[in-house]
Amino acid sequence: MRSAWDEVTPNAIYRVFKSLPLSKEGNDGLIYLYQPIIGPTALALYFQLIGDEGDQRELEFIHLDCLNALNIGLPTFLEARKRLEGMGLLSVFQKEDQEFGKMFIYQLEEPLAPQAFMKDVTYSFLLNQAVGDRKFQQLTNRFEPKKIDYTSYREVTANFTEVYGQLNMESFALASDKLEHVSKSYQTEGNKRLEVNQSLIDWDYLLALAKKKYIIEQNFTQEFKEQLSIYASLYGYQELELVDLLAEVVAIDTGEVEPKALQKLVLERNKRSFKPLPEPKQEENAQRFNLLRQTGYSERDIELIQTSEQTAPFDFLESIKIGKNSFVADSEMWVVRSLVERSPLPNPVINILIHYVLVIQNHSTLQASFVNAIAANWSEKGVKAPETAIKYAREYVKEAKDKQEAREKRQTTRPGSYPKKNVRVEKLPEWATETKSEKEVVAEDPKVQEAINQRLQAYLKRKEGES
């Protein structure tokens with residue numbers, strides 16, 4: 001499997017670049033607004049790289065020194081780095097050097113100033129989800145631009161021409177080439193935005209539906225499309241559901257939609273509930289599941305596949321946690337959100353991954369490094385269907401079991417070896433270290449998994465009745 005060591009090693013060299021120093025506004029945005037989303041470790045990494053970039057004596061650094069300075073391991077470093085990348089705070093460039101191996105350039109991006117951050121509905125939505133309504137309102141009040149009442153005043157500001165006179169256009173023309181060159185040298189790219197997968201929505205279909213609801217096409221700017229794509233990713237909204245939401249906040253007289261009003265509506269709707277994904281056609285389902293049965297998938301597998309395709313990831317996670325008499329931690333919300341927004345895995349595959357970790361492996365929580373390792377492996381393999389995810393999980397389980405048996409056999413058949421008591425067996429490094437049956441990826445006790453599945457189904461039916 002692909003691990004953090006496959007992407008970067010402690011002795012790999014990196015350089016840090018930032019086109020301009022971190023501004024006070026960017027620093028405030030980073031600490032108060034980005035930090036609740038990216039987490040404290042990612043924030044510490046950003047400032048560590050800022051310190052490296054400002055080093056006047058050293059140009060190149062090795063990752064080991066960075067790890068020691070932050071007192072973290074390589075998987076934690078990589079997770080923090082990717083959180084910066086996902087929020088548009090870091091661009092990573094890599095090359096293969098014949099002498100030094102992998103080398104990196106870490107280009108630090110300027111954070112959005114607080115006013116720009118709060119004005120952007122995508123960023124403000126993520127912040128609201130991370131901190132909750134009360135803290136979000138506190139931050140909104142803190143960074144709201146100051147205003148002053150000019151109603152009893154008349155502006156008497158002098159303009160440039162009144163003070164300095166007309167420009168000498170002849171001199172200006174002679175210097176234009178030099179001035180143009182200087183202007184280009186000071187041009188920098190704007191703030192890098194987070195990237196959102198917009199392929200989940202059929203935009204032509206959505207625009208046609210919106211037109212019938214008298215929602216004007218001018219609403220659908222690039223930024224607004226990103227906002228809708230995030231709602232579709234996180235909550236499983238389809239085109240018709242999105243248009244119904246838009247219809248609730250559209251201005252009847254102008255056909256315009258206020259993004260902030262839409263954001264507020266979505267947050268209210270999804271404080272406790274998430275939308276199920278649509279089911280494929282019944283005929284296609286019947287043929288597909290019959291084929292799966294013929295190729296060795298059990299009824300329990302098929303039931304899990306069906307549930308994974310009908311449920312949005314947050315809903316799926318919450319239902320399993322309730323089935324285990326537990327709750328969804330904030331860190332788990334971030335892990336799932338990160339998978340939905342950044343990974344190429346479809347939602348049903350993400351659900352199978354969640355089920356594997358929490359039910360089959362019986363972990364108490366979704367640990368980011370563990371989950372991301374599996375997700376990266378499945379992404380490289382191009383896993384697009386939940387049955388394929390189950391298949392790969394079985395293969396890893398079988399591989400781990402074979403390795404364990406081979407190791408034990410070597411220890412007992414080695415010449416001159418004698419049975420020993422209390423022999424310590426080395427733990428396998430792979431994430432799939434369970435030695436379960438090759439036939440099915442199910443819990444050791446089927447009754448336990450069956451109980452969880454029953455609670456999951458009951459939970460989903462209850463939510464359908466509430467909606």
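Everything that follows concerns the structure shown earlier in this document.
Residues numbered from 1 in each chain as written. Predicted model: local features only at pLDDT ≥ 70, side-chain atom pairs only at ≥ 80, totals over all residues. Heavy atoms only, no water.

(A) Quick peek at the packing of aromatic side chains. Considering all chains together, one arrives at ten aromatic pairs under this definition. Every member of this aromatic cluster is reached through a ring pair, and the members are Tyr-14, Phe-61, Phe-104 and Tyr-106. Against the face of Tyr-32 rests Arg-142, its NZ or CZ located 3.9 Å from the ring centre. Its end group placed over the ring of Tyr-392, Lys-391 keeps NZ or CZ at 5.9 Å from the ring centre. (Phe/Tyr/Trp six-rings, centres within 6.5 Å; stacked < 30°, edge-to-face > 60°. Lys NZ or Arg CZ within 6 Å of the ring centre and 35° of its normal.)

(B) Representation of the packing of helix α7 (residues 121-143) against helix α14 (residues 259-269) in the model. Two numbers describe how α7 lies on α14: the axes approach to 11 Å, and their chain directions differ by 50°. As judged from the angle between their axes, α7 and α14 are oblique. Seen along the crossing, α7 lies across α14 with a hand that is right-handed. Together, Val-121, Ser-124, Phe-125, Asn-128, Gln-129 and Phe-136 of α7 and Pro-259, Lys-260, Gln-263, Val-266 and Leu-267 of α14 make up the contact between the two elements. By residue class, the composition of the contact of α7 with α14 is six nonpolar, four polar and one charged. (Axes fitted to C-alpha atoms, helices over the stretch in contact; angles between N-to-C directions. Helix = DSSP H or I, 4+ residues; strand = E, 2+ residues; numbered from the N terminus. Parallel < 35°, antiparallel > 145°, perpendicular 65-115°, else oblique. Left-handed = near helix turned anticlockwise from the far one by under 90°. Contact = heavy atoms within 4.5 Å. Nonpolar A, V, L, I, M, F, W, Y, C, P; charged D, E, K, R; others polar.)

(C) Broad picture of unusual backbone geometry. At Tyr-214, a position not held by glycine, the phi torsion is positive, near 60°. A relative accessible area of 69% places Tyr-214 in the exposed class. The phi torsion at Asn-362 lies on the positive side, around 60°, for a residue other than glycine. Along the chain, the position of Asn-362 falls in the loop between α19 (347-360) and α20 (368-380). For Asn-362, a relative accessible area of 54% gives the class exposed. (Buried < 20%, exposed > 50% of the residue type's maximum accessible area, 1.4 Å probe, protein only.)

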